[in-house]
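# Residue-level structural notes
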Amino acid sequence: MKKKNRVRPNWDEYFMGIAKAVSKRATCLRRQYGAVITKENIIVSTGYNGAPSGMMDCLEVGRCTRKELRIPHGERYELCHSVHAEANAIIRASVDELHGATIYISGIEDTGNECNAEPCMMCKRMILNAKIKKVVFSDGNDSFITIDPKRWLKKRV
């Protein structure tokens, strides 16, 4: 009996799958994001978007201020009660673990569909400060985009 060949995911596919699983812990009513930081193909930390520790989250309260005000995606983050997935993953890792690391970011809309999970401007600045060397994020079409964050330096972020 011949064994079936199974398709083994490459490292980026593998860690994006884990980021998607991490996003299921998110407490945002609009979009659920998960982030995984790795170094040399070893997981350093994970994070998902949700309220700061000790604060009631949107799931518990049952409402989202930005959703109620019909604020478009990507605008008026100061009204959001959540800490972003990327920020949560970064604050849980040491400086040495972050330097030269890769961050994987997955996003799911409230419809259950994958969304483009490109980091916001604030998260881009945190990623640059953390000296993370590679960013991989879902593109909203069941694939992902890989970028060297130094490219962001060409524009003011």
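Right, let's walk through the structure included here. Everything numeric here is computed off the predicted structure, so don't read it as measured data.

Moving on to the environment of Ala 89. Residue position: Ala 89 is located in helix H4 (residues 85-91). Along the sequence, Ala 89 and Ser 53 sit 36 residues apart, while their C-alpha atoms lie 14 Å from each other. With sequence-adjacent residues up to four places away left out, Ala 89 is seen in contact with Ala 35, Ile 37, Ser 45, Thr 46 and Gly 47.

The sheet contact formed by strand S1 (residues 31-39) and strand S2 (residues 42-48) spans six bridges and is antiparallel. Residue pairing across strands places Ile 37 opposite Ser 45, the latter belonging to S2. From the end of S1 to the start of S2, which pair antiparallel, there are two residues, and Glu 40 there has a positive phi angle of about 55°.

In this structure, Glu 40 is a non-glycine residue whose phi angle is positive, near 55°. Phi at Lys 131 is positive, roughly 65°, even though this residue is not glycine. Of note, Lys 131 is situated in the loop between helix H6 (121-129) and strand S4 (134-138).

This paragraph deals with the environment of Met 126. One can find Met 126 in helix H6. Met 126 sits 13 residues away from Asn 113 along the chain, and the two C-alpha atoms are 27 Å apart. Every residue in contact with Met 126, bar those within four places of it in the chain, is listed here: Ala 87 and Ile 90.

When you line up the elements, Glu 114 lands in the loop between strand S3 (102-109) and H6. An unpaired buried charge is present at Glu 114: no salt bridge exists, and Lys 20, the closest side chain of opposite charge, is 5.6 Å distant. In this structure the side chain of Glu 114 is engaged in a polar contact, spanning 2.6 Å, whose partner is the backbone nitrogen of Asp 142. The residues touching Glu 114, leaving out its near neighbours within four places in the chain, are Gly 107, Ile 108, Ser 138, Asp 139, Gly 140, Asn 141, Asp 142 and Ser 143.

Further remarks concern the layout of surface pockets. Using a probe with the size of a water molecule, rolled over the atoms, empty space left in the structure can be pinpointed. Considered as a void within the structure, the largest pocket measures approximately 590 Å³ in volume. The leading source of residues in the lining of the largest pocket is H6, at five residues. Its residues placed into classes, the lining of the largest pocket shows 14 nonpolar, seven polar and nine charged. Taken as a whole, the second largest pocket holds about 200 Å³ of empty space. Lining the second largest pocket we find 13 residues, and of these Tyr 48, Gly 50, Ala 51, Asn 88 and Arg 92 sit closest to its centre. Top element by residues in the lining of the second largest pocket is S2. It accounts for three residues. Per-class residue counts for the lining of the second largest pocket are five nonpolar, six polar and two charged.

Turning our eyes to something else, we now look at the packing of aromatic side chains. One pass over the structure, following the stated rule, counts four aromatic pairs. Measuring from centroid to centroid gives 5.6 Å for Trp 11 and Phe 15, while their planes differ by 20°, and the two rings are stacked. Remark: Phe 15 and Trp 11 occur in helix H1 (residues 11-23); sequence separation between them is four residues, near one turn of the helix. Aromatic rings pair up to connect Trp 11, Tyr 14, Phe 15 and Tyr 104 into one cluster.

Calculation rules
- Residues numbered from 1 in each chain as written.
- Predicted model: local features only at pLDDT ≥ 70, side-chain atom pairs only at ≥ 80, totals over all residues.
- Heavy atoms only, no water.
- Helix = DSSP H or I, 4+ residues; strand = E, 2+ residues; numbered from the N terminus.
- Contact = heavy atoms within 4.5 Å.
- Pairing = 2+ DSSP bridges.
- Buried < 20%, exposed > 50% of the residue type's maximum accessible area, 1.4 Å probe, protein only.
- Lys, Arg positive; Asp, Glu negative; His and termini not counted.
- Salt bridge = Lys/Arg side-chain N within 4 Å of Asp/Glu carboxyl O.
- Polar contact = N/O pair within 3.5 Å; in protein donor to acceptor, adjacent residues only side chain to side chain.
- 1 Å grid on protein atoms, 1.4 Å probe; cavity = no way out; pocket = protein on both sides within 12 Å on 5 of 7 lines; lining within 4 Å.
- Points joined across faces, edges and corners; volume = space filled by probe spheres on them.
- Nonpolar A, V, L, I, M, F, W, Y, C, P; charged D, E, K, R; others polar.
- Phe/Tyr/Trp six-rings, centres within 6.5 Å; stacked < 30°, edge-to-face > 60°.

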